[in-house]
Amino acid sequence: MPQTSIREVARRAGVSVGTVSNVLNRPDLVAEATRDRVRAAIRELGFVRNESARRLRQGPAAPESPAEPPASRAPAYGVLVEDLANPYASDVARGAERALNKAGHDVLWLSSDHDPAKERRGLDLLAAQRAAGVLAIPVGMDDADIARLRAAGMAVVLLDHARPGVCSARVDHVAGGAVAADRLLGLGRRRLAFVSGRPEPRPVVDRREGAARTLAGAQAGPLPLFTMDALTPTEGQAAARRLLALPEVPDGVFCANDLLAIGLTNELVRLGVRVPDDIAVIGYDDIELAASAAVALTTVRQPRRELGRAAAELALAETAEGDSHQHRQLVLTPELIVRDSA
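From a predicted model like this one, the values you see are computed outputs, not experimental measurements. Here the residue numbering is sequential within each chain, running from 1 through the sequence in written order. Given that the model is predicted, a residue must reach a pLDDT of at least 70 before its local features are reported, and side-chain atom pairs must reach 80 or more before they are shown or counted; all residues, however, enter totals for whole chains, interfaces and linings. Only hydrogens and water are removed before side-chain values are computed, so all heavy atoms of the structure are retained for them.

A. Quick look at the pattern of salt bridges. Any carboxyl oxygen of Asp or Glu within 4 Å of a side-chain nitrogen of Lys or Arg constitutes a salt bridge here. Within the structure shown, the criterion is met by 22 salt bridges. R304 is the salt-bridge partner of D91, the closest N and O atoms lying 2.8 Å from each other. Of this pair, D91 sits in helix α5 (residues 87–102) while R304 sits in helix α12 (residues 304–321), placing them 213 residues apart in sequence. Like R304, D91 is buried. Exposure classes here rest on a 1.4 Å probe applied to the protein chains alone. A residue is buried below 20% of its type maximum, exposed above 50%, and partly exposed in between. Here D91 falls in the buried class, since its relative accessible area comes to 6%. In the salt-bridge network here, residues are joined through shared partners; they are R120, D124, D142, D145 and R148. Counting from the N terminus, the helices are DSSP H or I runs at least four residues long and the strands are E runs at least two residues long.

What follows is the structure, given as structure tokens:
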């Protein structure tokens, strides 16, 4: 299908071609209302720039000789996660990258930092670069975004999320939450708490719901939620102090991820609390640091690199099969890893 031109975008937005160019290259020079109008036209028309496509498709230039022109490279894929600083996200990206590299494709890593606007800019960049596809842990991606990417010829695979009509690879986090709660109940703990952080992504909500259902089924009462400002070790330390200040201190804590659990465990130990004798702690993810916390962390292991590899295989299949591709939703099973903290 013919590509939308910059002139069509300008016509739709009611501005000059130069204004559209400024929005694309120097947005600070354009009034906010005009920027919004131009960007809306870009989305509606599915316009993408073609700059840097050659670099992504061919990679670095090889030395030329009259007898042997440089070989072209397969198009790159993008891996867009919510936070590259999170070991879980980077492990998923590594799993995807390894599979895509093995198939002859380079990979561009991007992070949305939990910001839907930054996520959209990343998607726009991949479309502009004519990437073959994107594997994304979405924070705000909607059906219109997916349709726009597909119109640009890109495969789309969701990580840790599911949506009808879209390939996805995710973990059964409800089951993961249930196995963590089962472990705490099996240790005789009855005053449980769930520590989470903002923003609370859907997988974390599923973990909490899985744990809450298990407690309800065992008639063990509700699962109080303690929401911190982030899913980080520093916030885990703050959560430890907050829990110890309660009139009735929990004897079992399930944390939304290992970073929170490590910070919480280390702070409890620093304050003289015996883990797990006084408070048992369970994390989620099984990052490499989990085994080296002040008390080796019991956690729910996600098959992180396997998840990335499965998503990469879905993306490669969608690219290869084109319109005949049948979208699949893969669900992987988490595993309880028992160490010293619970």
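Anyway, onward from the coordinates.
B. Molecular detail of the packing of helix α10 (residues 233–244) against helix α11 (residues 258–270). Here the axes come from fitting lines to C-alpha atoms, over the contacting stretch only for helices, and the angles between their N-to-C directions go from 0 to 180 degrees. Where α10 meets α11, the closest approach of the two axes is 6 Å, and the angle between their N-to-C directions is 50 degrees. Judged by the angle between their axes, α10 and α11 are oblique. When the axes of α10 and α11 are compared, the crossing they make is right-handed. Each of P233, E235, G236, Q237, A239, A240, R241, L243 and L244 in α10 lies in contact with α11, whose residues at this interface are L259, L260, G263, L264, E267 and L268. Taken together, the residues of the contact of α10 with α11 sort by class into nine nonpolar, three polar and three charged. Should an angle fall under 35 degrees it is called roughly parallel, over 145 degrees roughly antiparallel, and 65 to 115 degrees roughly perpendicular, with every other angle called oblique. The crossing is said to be left-handed when, going from far helix to near helix, the turn is anticlockwise and less than a right angle, and right-handed when the turn is clockwise. In this analysis, two residues are considered to be in contact whenever any of their non-hydrogen atoms come within 4.5 Å of each other. Under the grouping applied here, Gly and all other residues not named as nonpolar or charged are polar, the nonpolar ones being Ala, Val, Leu, Ile, Met, Phe, Trp, Tyr, Cys and Pro and the charged ones Asp, Glu, Lys and Arg.

C. Quick peek at the pairing of strand β1 (residues 77–81). Most of β1 is tucked away, with five of its five residues classed as buried. Between β1 and its parallel partner strand β2 (residues 107–111), the chain crosses via α5, and the hand of that crossover is right-handed. Bridge analysis of β1 against strand β3 (residues 133–136) gives four bridges, and the strand direction is parallel. Paired with G78 across the strands is V134, a residue of β3. Think of it like this: strands point away, you trace from the first strand over the helix to the second, and a clockwise trace means the crossover is right-handed. Note on pairing: two strands pair once DSSP finds at least 2 bridges between them.

D. The nonpolar core, seen in detail. Here, nonpolar core refers to any group of buried Ala, Val, Leu, Ile, Met, Phe, Trp, Tyr and Cys residues whose side-chain atoms link them within 4.5 Å. Counting residues in each nonpolar core, the largest one holds 69 residues, and the members touching the most others are L135, V195, L264 and V281. No other element matches the seven residues that α5 contributes to this core. Filtering out sequence-adjacent residues up to four positions away, L264 remains in contact with V195, G236, Q237, A239, A240, L243, V253, C255 and V281. Counting 15 residues, the second largest nonpolar core, distinct from the first, contains L126, M154, L158 and V166.

E. How the structure looks around the packing of aromatic side chains. Stacked, tilted and edge-to-face pairs are distinguished by plane angle, under 30 degrees for stacked and over 60 for edge-to-face with tilted covering the rest, among Phe, Tyr and Trp rings (Trp via its six-membered ring) whose centres lie within 6.5 Å. Tallied over the full model, the rule gives two aromatic pairs. Centre to centre, the rings of F194 and F254 are 5.2 Å apart; their planes meet at 75 degrees, and the pair counts as edge-to-face. Here F194, found in strand β6 (residues 192–197), pairs with F254, found in strand β8 (residues 252–255); they are 60 residues apart in sequence, far enough to count as distant. Comparing F194 with F254 shows no difference in burial state: the two are buried. Ring geometry for F254 versus Y284: centroids 6.3 Å apart, planes at 40 degrees, classification tilted. Taken together, the positions of F254 in strand β8 and Y284 in strand β9 (residues 280–285) put the pair 30 residues apart, joining distant regions of the chain. Of the two residues, F254 and Y284, both sit in the buried class. Through a chain of ring-to-ring contacts, the aromatic side chains of F194, F254 and Y284 assemble into a single cluster.

None of this, on its own, says anything about what the molecule does.
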